[in-house]
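Okay, here's what each chain looks like letter by letter:
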Amino acid sequence: MSHEASFAAVAIFTAFVLGVLGLSFWLGRRGQSAAAYYAAHGQIHWFVNGIAFAGDYLSAASFLGICGMIAFSGYDGFLYAIGFLAGWIVALFVIAEPIKALGTYTLADALASRFGSRGITLAVAISTLVVSIFYLIPQMVGAGALVTPLLGLPHAAGVVLVGVAVTLIVVTAGMVSTTWVQFIKGSLLVLFCGLLVALILGRGLTVNTGDLTPQVRTVTPDGRVLVDGKPQSREHDLRPVGTLSALPARYAGRTTTGPLGPLEYFSVLEDSTIVTWKSTRTADEHGVHVTYEPVTRSGAELLQPGGSFKGLRSGRLADRLDFASLMLALFCGTASLPHILIRYYTVKDAAAARKSTVTGIAAIGVFYVMTLYLGLGAMTSGALDPTDTNMAAPLLAKSFSTTLFALVSAIAFTTVLGTVSGLIMAGSGAVAHDLVSRVCGVPLTDHEKVRCGRIAAVCLGVVAMGLGILFKDFNVGFLVGWAFNIAASANLPALVMLLFWRRTTAAGIIAAVTVGMVASLGWILLSADTFEKVYGLSRDLAPVPFSQPGLVTIPLGFVVLVVVSLLTPPRPAR
Amino acid sequence: MTKPTAAHDESPPAAARASRTGLVLFWIYVLLYGGFMGLVLVRPDLLALRPFGGVNLAILAGLGLIVAAFGLALVSMLGRETR
């Protein structure tokens, strides 16, 4: 669908971005030491840090990806939300306090702390960069998806806009500005999603069958876009979709329910009939055609697992293992994400680390409960763009008012800014503090360490922009699953065993991080999803039996660590 | 087994006790999460049951897991604050 920019949307969006950048420049005017740039002097209040955790963690995948997945496939998107939140239990009960006690600026600090090993620092710095880059891709894709309907700009322009804004935020004041951007974003996201949920419940459910004629979008060999055989324009475009065709029998003779309670909303939807749209892709000498066709389904079916994870209903073992693998990676991945872990260095002590984690869990939990309402509200709003699953939440807001659409889009954009700035901070620390200073042994003064971090941030920003343009057509929720798999496979075995197994050696940690990272990355590159969606090849050619690697590569990391540690002499801990 | 590093704000015995409690709470949540995922994988038909308020078990269990995460986190924090 093509989208028209509105003046209100552009004004609110511009005010948001300028406000965030102004805050960064203001914070950046103060003197910048390495301790301030990388860890905000360790003086952030636990409550601010807790909400910043939410701002850091609730990425484009959470807001745009999960809402979109629920809106198009039903309950399965909520399984992502459950897995994303469950991972915080590992962070709180296993990782939070030791990480705070062991490290200074980066994840490598913590893992190398007992042995003082440059090998550990090198392996962990590389894994930090790989995880951060994989996590950056969905954020940048989300940015491009947002800017198109908001400002009427092409996808690539959105990606570049985010890349430039985030790089400025990180370069000006490092972790200080990153923390405040994440705090503002986390607060606004939860508050405005709460407002949207109240509006959804207040509106209730309304029958609106709309036009159910199939629609065809064609991209011709010379690049023209046709809709139902005619050139696409504002007047002749794909119709918005996502409607409710029948209410439960108890509403016989009525077309609307009126306001509904929080649980009543689910029960009414379960007994309703909903029209979702499926797409089929074909190609011939006239171009590539995507046909969108309505599918009438019961609410009970949509509120059950299996809408997106087809294997849950097909009964194929490989598909079930794929699902189990993803859920394991989500559970183990949160506590292994470098950009989350470095937030523990911004508070003063272990008690503050603990309290900020609990605050983060509260904010994140409330948000994930709301995603279910947002996704289901979008599913029946009649406002969905059939070509773009990532736009469900902002278009849901548009079904209420253009101003709300502008506000929600601007908040979604700050969502991307907050998460991307955290990721670039993590990558910047890995390059400057770990690789240049610790591994290469380049003696850097405090000032040089900050400058080196800024240069690394600019480079990472450029890489992120390129990848965001390259992976344009992916669902951001799906992409972020890869980052969780790599993080959990590479980092979690080393973190857990360093804390709980005395016999762990430096060689064991290096081997576990390296094998976990290479194995999970290799598995992803050889998976059916990558064959189909990245290489454009048949799924059947993929050599690995299922797409999500965690079920194999996380245990592999533990086994490798134990075997290598037992084969190498224990070195006295420092 | 190595004891996790002691928190800065507690005596070593208190930190060790808190660490053990944390691990117990962690395993409780693992059981809840694993049980739910097991149901999704093995007996998805049970998730269609509507035990409360006309809402199916899939939604109630999902919401319950989110609330349980916060509940356990709160129990852990309050336990340490009052100790």
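Residues numbered from 1 in each chain as written. Chains lettered and ligands numbered in written order. Predicted model: local features only at pLDDT ≥ 70, side-chain atom pairs only at ≥ 80, totals over all residues. Heavy atoms only, no water.

Draft legend 1. Expanded view of the overall build of chain B. Helix and strand counts for chain B stand at two helices and zero strands. Within chain B, buried positions represent 41% of all 83 residues. Residue pairs at least 24 apart in sequence account for 50% of intrachain contacts in chain B once pairs closer than 6 positions are excluded. Split by element, the accessible area of chain B, about 4300 Å² in all, is 73% carbon and sulfur. (Helix = DSSP H or I, 4+ residues; strand = E, 2+ residues; numbered from the N terminus. Buried < 20%, exposed > 50% of the residue type's maximum accessible area, 1.4 Å probe, protein only. Contact = heavy atoms within 4.5 Å. Areas by Shrake-Rupley, 256 points an atom, 1.4 Å probe, with all protein chains shown as cover.)

Draft legend 2. Spatial organisation of the pairing of strand E6 (residues 287-298) of chain A. Residue and element names in this part refer to chain A. Here strand E1 (residues 215-219) pairs with E6 via five bridges, running antiparallel. Residue pairing for E6: Arg217 is matched across the bridge by Val290. Here strand E5 (residues 273-284) pairs with E6 via twelve bridges, running antiparallel. Pairing of Thr280 across the sheet is with Thr291, part of E6. The turn linking E5 back onto E6 is made up of two residues. (Pairing = 2+ DSSP bridges.)

Draft legend 3. Up close: helix H8 (residues 155-203) of chain A. All names here are of chain A. Taking 1.5 Å as the rise per residue, H8 with 49 residues should run 72 Å; its terminal C-alpha atoms sit only 32 Å apart, a clear shortfall. The largest bend along H8 measures about 125 degrees and falls at Gly174. Immediately downstream of H8, the backbone of Gly204 shows phi near 70 degrees, a positive value. (Expected span 1.5 Å × (residues − 1). Bend = angle between axes of the 7 residues up to and from the residue.)

Draft legend 4. Structural view of the side chain of Thr530 of chain A. With respect to the helices and strands, Thr530 of chain A occurs in helix H20 (residues 528-533). Residue contacts for Thr530 of chain A: discarding those within four places in its chain leaves Trp482, Ile524, Leu525 and Tyr535 of chain A.

Draft legend 5. The arrangement of the sheet that holds strand E4 (residues 243-246) of chain A in detail. Residue and element names in this part refer to chain A. Across the sheet, which stays open at both edges, the six strands sit in the order E3-E2-E1-E6-E5-E4 with antiparallel pairing between neighbours. Strands with a single pairing partner mark the edges of an open sheet, and in this sheet they are strand E3 (230-231) and E4. Bridge count for E4 against E5 is three bridges, and the pairing is antiparallel. Each bridged residue has a counterpart across the sheet, and for Thr243 the counterpart in E5 is Val275.

Draft legend 6. Expanded view of the packing of helix H19 (residues 506-525) of chain A against helix H21 (residues 550-567) of chain A. Residue and element names in this part refer to chain A. Where H19 contacts H21, the two axes come as close as 8 Å, and the packing angle between them is 155 degrees. Taken together, the axes of H19 and H21 lie roughly antiparallel to each other. For H19 against H21, the interelement crossing comes out right-handed. Residue-level inspection shows Ala507, Gly508, Ile509, Ala511, Ala512, Val515, Ala519, Ser520 and Trp523 of H19 in contact with H21, the latter providing Val552, Thr553, Leu556, Gly557, Val560, Leu561, Val564 and Ser565. Here the residues of the contact of H19 with H21 are counted per class, giving twelve nonpolar, five polar and no charged. (Axes fitted to C-alpha atoms, helices over the stretch in contact; angles between N-to-C directions. Parallel < 35°, antiparallel > 145°, perpendicular 65-115°, else oblique. Left-handed = near helix turned anticlockwise from the far one by under 90°. Nonpolar A, V, L, I, M, F, W, Y, C, P; charged D, E, K, R; others polar.)

Draft legend 7. Region of interest: the packing of helix H4 (residues 60-73) of chain A against helix H14 (residues 350-379) of chain A. Residue and element names in this part refer to chain A. Following both chains from N to C, one finds H4 and H14 inclined at 50 degrees, their axes separated by 8 Å at the closest point. It follows from the interaxial angle that H4 and H14 lie oblique. For the element pair H4 and H14, the recorded crossing hand is right-handed. Every residue of H14 that contacts H4 at Ser62, Phe63, Ile66, Cys67, Ile70 and Ala71 is listed here: Phe367, Tyr368, Thr371, Leu372, Leu374, Gly375, Leu376, Ala378 and Met379. Looking at the contact of H4 with H14 residue by residue, the classes come out as twelve nonpolar, three polar and no charged.

Draft legend 8. Representation of the interface of chain B and chain A. Chain B puts 45 residues into the contact, and the matching count from chain A is 46 residues. Both faces combined, the contact of chain B with chain A buries some 4100 Å², and carbon together with sulfur accounts for 72% of it. One can count two salt bridges joining chain B with chain A. Ionic pairing is found between Glu270 of chain A and Arg50 of chain B, a salt bridge with its closest N-O pair at 3.7 Å. Elements with a contribution of two residues or more to the side of chain B that touches chain A: helix H1 (12-42) and helix H2 (57-82) of chain B. Tallying contributions element by element places H2 of chain B first for the side of chain B that touches chain A, with 15 residues. Residue classes in the side of chain B that touches chain A are distributed as 30 nonpolar, nine polar and six charged. (Buried area = accessible area lost by both parts, 1.4 Å probe. Salt bridge = Lys/Arg side-chain N within 4 Å of Asp/Glu carboxyl O.)

Draft legend 9. Local environment of the pattern of salt bridges. Within the structure shown, the criterion is met by 13 salt bridges over all chains. Across the salt bridge formed by Asp529 of chain A and Arg539 of chain A, the nearest N and O atoms sit 3.0 Å from each other. Here Asp529 of chain A is found in helix H20, whereas its partner Arg539 of chain A is found in the loop between H20 and H21, with ten residues between them in sequence. For Asp529 of chain A, a relative accessible area of 8% corresponds to the buried category. Judged by its relative accessible area of 37%, Arg539 of chain A is partly exposed. Residue Asp45 of chain B pairs with Arg43 of chain B through a salt bridge whose shortest N-O separation is 3.0 Å. Overall, the relative accessible area of 40% leaves Arg43 of chain B in the partly exposed class.

Draft legend 10. Representation of a nonpolar patch on the surface in the model. Taken together, the side chains of Leu525, Leu526, Val534, Tyr535, Leu537 and Leu541 of chain A present a nonpolar region at the surface, about 510 Å² in accessible area. With respect to the helices and strands, the residue Leu537 of chain A is situated in the loop between H20 and H21. (Patch = residues over 30% accessible without salt bridge, like charges linked within 9 Å, V, L, I, M, F, W, Y side chains within 5 Å.)

Draft legend 11. Local environment of the confidence of the model for chain B. Residues of chain B with pLDDT of at least 70 account for 86%, and the chain-wide mean is 84. In the predicted complex, the global pTM is 0.89; the interface-specific ipTM is 0.89. (pLDDT = per-residue confidence, 0-100.)

Draft legend 12. Representation of the environment of Ala48 of chain B in the model. Checked against the element boundaries, Ala48 of chain B lands in the loop between H1 and H2. Looking at Ala48 of chain B, the relative accessible area reads 39%, which means it is partly exposed. Put simply, Ala48 of chain B and Ala61 of chain B are 13 residues apart on the chain and 11 Å apart in space, counted from C-alpha to C-alpha. The residues contacting Ala48 of chain B, other than those within four sequence positions of it, are Gln304 of chain A together with Asn56 of chain B.

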